[in-house]
Amino acid sequence: MKTEVLVDAEAVAQRAAAIISAEAWAAVGARGRFVMAVSGGHTPWRMFHMLAARDMPWADVHVVQVDERVAPAGHKDRNLTHLRESLLDHAPLRPQQIHPMPVEWPDLETATERYAETLAEIAGSPPVLDLVHLGLGPDGHTASLVPGDSVLYVTDADVAITGVYEGRRRMTLTYPIINRARVILWVVTGDGKVDLLSRLLDAEVSIPAGRVSHDQAVLVADRAAAGQLITGYPGGH
């Protein structure tokens, strides 16, 4: 896993936005489009704001979701609500370039199948995403691949539904499609992540994040999250 440690969360957001922009231009040049999957949480909001202001091949960008809570449209619990506020409302993206997870459908199993079909339509069969953005939760989860859930063992589907986690079920991309991505971009900031980051870097399967492939992964973290784990500024592990 390539790693970079930057001084603070602002620098991490700026660097992550630059990486996404560079990958977007490369993907459009090579394949005519850039398909990126984005995660929720507070950490990436500043990164999305910065990305919206960058020079990007927006006409050829498709945005899909890594995960989403099962909640009504516009609800504050929805990742899409915050994604719209931080990126989608500020970037020149047409509606057909934004692909929300259909968590409002009454039949969630059918909804996961439909979302998998959507991914295949825009990213091939099986779908290969150009970039998957991931965060690192305080219990070691990433996406909505949460400790103890049967979703961790799904190997025959690219999209799945979790059990109730922190009050809501979630729709999530699974390990197979995440690990097929051309680039996996980890964005990790803030105190309290040093032990988890160590376990991620050591690929410990005891935490869900540790099961994600390192081969095509890039980690951008701030000093608070990295502690003394990674030497160099920026540096490698």
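Our subject is the structure listed above.
To keep things clear, this report deals only with the structure shown in the data block.

What counts as what
- Residues numbered from 1 in each chain as written.
- Predicted model: local features only at pLDDT ≥ 70, side-chain atom pairs only at ≥ 80, totals over all residues.
- Heavy atoms only, no water.
- Helix = DSSP H or I, 4+ residues; strand = E, 2+ residues; numbered from the N terminus.
- Buried < 20%, exposed > 50% of the residue type's maximum accessible area, 1.4 Å probe, protein only.
- Axes fitted to C-alpha atoms, helices over the stretch in contact; angles between N-to-C directions.
- Parallel < 35°, antiparallel > 145°, perpendicular 65-115°, else oblique.
- Contact = heavy atoms within 4.5 Å.
- Nonpolar A, V, L, I, M, F, W, Y, C, P; charged D, E, K, R; others polar.
- Left-handed = near helix turned anticlockwise from the far one by under 90°.
- Salt bridge = Lys/Arg side-chain N within 4 Å of Asp/Glu carboxyl O.
- Pairing = 2+ DSSP bridges.

**What to know about unusual backbone geometry**
Comment: phi is negative for the bulk of residues other than glycine, and the bulk of peptide bonds are trans.
Here comes step 1: Here the amide bond leading from Ser 125 into Pro 126 is cis, since omega sits at 0°, within 30 degrees of zero.
Here comes step 2: Here Pro 126 shows up in the loop between α4 (108-123) and β6 (131-134).
Here comes step 3: Not every positive phi belongs to a glycine, and Ala 143 is a case in point at roughly 50°.
Here comes step 4: You can see Ala 143 is positioned in the loop between β6 and β7 (159-161).
Here comes step 5: Accessibility expressed as a relative area gives 9% for Ala 143, which makes it buried.

**Notes on the packing of helix α2 (residues 45-52) against helix α3 (residues 79-88)**
Here comes step 1: Two numbers describe how α2 lies on α3: the axes approach to 8 Å, and their chain directions differ by 40°. Taken together, α2 and α3 sit at an angle that is classed as oblique. For the pair α2 and α3, contact is made by Trp 45, Phe 48, His 49, Leu 51 and Ala 52 and by His 82, Leu 83, Glu 85, Ser 86 and Leu 87, respectively.
Here comes step 2: Its residues placed into classes, the contact of α2 with α3 shows six nonpolar, three polar and one charged.

**Some remarks on the packing of helix α1 (residues 9-31) against α2**
Axes are the key here: two packed helices are described by the angle between their axes and the distance separating the axes.
Here comes step 1: Between α1 and α2, whose axes approach to 8 Å, the crossing angle comes to 50°. Of the possible angle classes, the one that applies to α1 and α2 is oblique. Note on packing geometry: the crossing formed by α1 with α2 is right-handed. Contact residues: α1 offers Glu 10, Ala 13, Gln 14, Ala 16, Ala 17, Ile 20 and Ser 21, while α2 offers Arg 46, Met 47, Met 50 and Leu 51.
Here comes step 2: Across the contact of α1 with α2, the residue classes break down as seven nonpolar, two polar and two charged.

**Details of the pattern of salt bridges**
Here comes step 1: For the structure shown, the criterion picks out 14 salt bridges.
Here comes step 2: Between Glu 4 and Arg 15 there is a salt bridge whose closest N-O contact spans 2.9 Å. Highlighted residues: Glu 4 in strand β1 (residues 2-6) and Arg 15 in helix α1, separated in sequence by eleven residues.
Here comes step 3: A relative accessible area of 33% means that Arg 15 is categorised as partly exposed.
Here comes step 4: Here Asp 195 ties to Arg 199 by a salt bridge, and the two come within 3.8 Å at their closest N and O atoms. Of the two residues, Asp 195 and Arg 199 both sit in helix α6 (residues 194-201), four residues apart, roughly one turn of that helix.
Here comes step 5: Judged by relative accessible area, which is 51%, Asp 195 ranks as exposed.
Here comes step 6: We classify Arg 199 as partly exposed; its relative accessible area is 23%.
Here comes step 7: Taken together, the shared-partner salt bridges in this structure form one network comprising Arg 31, Asp 130 and Arg 182.

**Quick look at the pairing of strand β8 (residues 170-173)**
Here comes step 1: In β8, alternate side chains face the same way, and those of Arg 170 and Thr 172 on one face and Met 171 and Leu 173 on the other are all buried.
Here comes step 2: Note that strand β4 (residues 67-69) and β8 share three bridges and pair antiparallel. By the bridge assignment for β8, Asp 67 is matched with Thr 172.
Here comes step 3: In terms of strand pairing, β7 meets β8 through three bridges, oriented antiparallel. Residue Ala 160 lies in a different strand from β8, and its bridge partner there is Thr 172.

Purely spatial values, then, with no claim about function.
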